[in-house]
Amino acid sequence: MARAQGGCAASAFVSERKQPLTRQAVNYIVGRAGSRAGLDRVHPHMLRHSCGFALANKGRDLRVIQDYLGHRDSRHTAHYTRTAAHRFDDLW
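This one's a predicted model, so the numbers in the text were calculated from it and none came from an experiment.

Colleague: Describe the nonpolar core, listing the residues and the values that go with them.
Modeller: Grouped burial of nonpolar side chains is what soluble globular proteins tend to show. Counting residues in each nonpolar core, the largest one holds 5 residues, listed as L55, A56, I65, L69 and Y80. Secondary-structure elements contributing two or more residues to this core are α2 (44–57) and α3 (62–69). Beyond its immediate chain neighbours, meaning those up to four positions away, L69 contacts R48, G52 and Y80.

What follows is the structure, encoded as structure tokens:
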């Protein structure tokens, strides 16, 4: 990861005090946002899954999704296409 000014690793998520958020803080924030939205047991990894499903539903190539999510095995990525069966409606 690139170094920010002052020699600290640059972070994607920082606090109001400009400090990197801890894993626990991110879990708390995402869980709280889910609760406020009326969802149960929301966690950060669900954002990753949501991204995979959204890309599949938009018809993105499976290999692109695999690379984006960092999957070594395409079978891990293939499950995102199961709910996107409508993409094949006009195939024939």
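What follows continues from the structure just given.
Colleague: Account for the side chain of T77, naming residues and giving values.
Modeller: By secondary structure assignment, the location of T77 is in helix α4 (residues 74–78). Of the residues examined, T77 reaches a relative accessible area of 0% and is grouped as buried. Contacts of T77, omitting those with residues within four sequence positions, involve L62, I65, Q66 and H71.

Colleague: Tell me about α3, residues and numbers included.
Modeller: Every buried residue belonging to α3 is among I65, Q66 and L69, and all of these are buried. Within α3, the buried residues cover an arc of 100 degrees as seen down the axis, which keeps them to one side. Of the exposed residues in α3, the ones pointing more than 90 degrees away from its buried face are R63, D67 and Y68. Summarising the contacts, the buried residues of α3 are in contact with α2 and α4. Regarding α3, its N-cap is D61, as a side-chain oxygen of that residue lies 3.0 Å from the backbone nitrogen of R63 further along.

Colleague: Can you lay out the packing of aromatic side chains for me, pointing to particular residues and giving the numbers?
Modeller: Geometry of an aromatic ring pair is reported as the spacing of the ring centres plus the angle between the planes. Evaluated as defined, the whole model comprises 1 aromatic pair. Geometrically, the ring pair formed by F53 and Y80 is edge-to-face, given 4.9 Å between the ring centres and 80 degrees between the ring planes. One end of the pair, F53, is in helix α2; the other, Y80, is in the segment after α4, with 27 residues separating them in the sequence.

Colleague: I'd like a rundown of the pattern of salt bridges, residues and numbers included.
Modeller: In the structure shown here, the tally under the stated rule is 1 salt bridge. Of the charged contacts in the structure, one is a salt bridge between D73 and R75, with a shortest N-O distance of 2.7 Å. Residue classification places D73 among the partly exposed positions, given a relative accessible area of 22%. By relative accessible area, R75 is classed as exposed at 66%.

Colleague: Explain α2 to me, and be specific about the residues and the numbers.
Modeller: Look at α2: 20 Å from first C-alpha to last across 14 residues, which is about the 20 Å you get at 1.5 Å a residue. If you check which residues of α2 are buried, you get G52, L55 and A56. The buried residues of α2 occupy an angular sector of 105 degrees when the element is viewed end-on, so they sit on one face. Residues of α2 that are buried sit in contact with α3.

Colleague: An account of unusual backbone geometry is needed here, citing residue identities and associated values.
Modeller: Leaving glycine out, the prevailing phi sign among residues is negative, and the prevailing peptide bond configuration is trans. Not every positive phi belongs to a glycine, and K18 is a case in point at roughly 65 degrees. Structurally, K18 is set in the segment before α1 (23–36). Residue class for K18 comes out exposed when judged on its relative accessible area of 67%. The phi dihedral of R41 is positive, around 45 degrees, even though this residue is not glycine. Relative to the elements of secondary structure, R41 occurs in the loop between α1 and α2.

The rules behind these values
- Residues numbered from 1 in each chain as written.
- Predicted model: local features only at pLDDT ≥ 70, side-chain atom pairs only at ≥ 80, totals over all residues.
- Heavy atoms only, no water.
- Core = buried A, V, L, I, M, F, W, Y, C linked by side-chain atoms within 4.5 Å.
- Buried < 20%, exposed > 50% of the residue type's maximum accessible area, 1.4 Å probe, protein only.
- Helix = DSSP H or I, 4+ residues; strand = E, 2+ residues; numbered from the N terminus.
- Contact = heavy atoms within 4.5 Å.
- Arc of directions from axis to C-beta.
- Polar contact = N/O pair within 3.5 Å; in protein donor to acceptor, adjacent residues only side chain to side chain.
- Phe/Tyr/Trp six-rings, centres within 6.5 Å; stacked < 30°, edge-to-face > 60°.
- Salt bridge = Lys/Arg side-chain N within 4 Å of Asp/Glu carboxyl O.
- Expected span 1.5 Å × (residues − 1).

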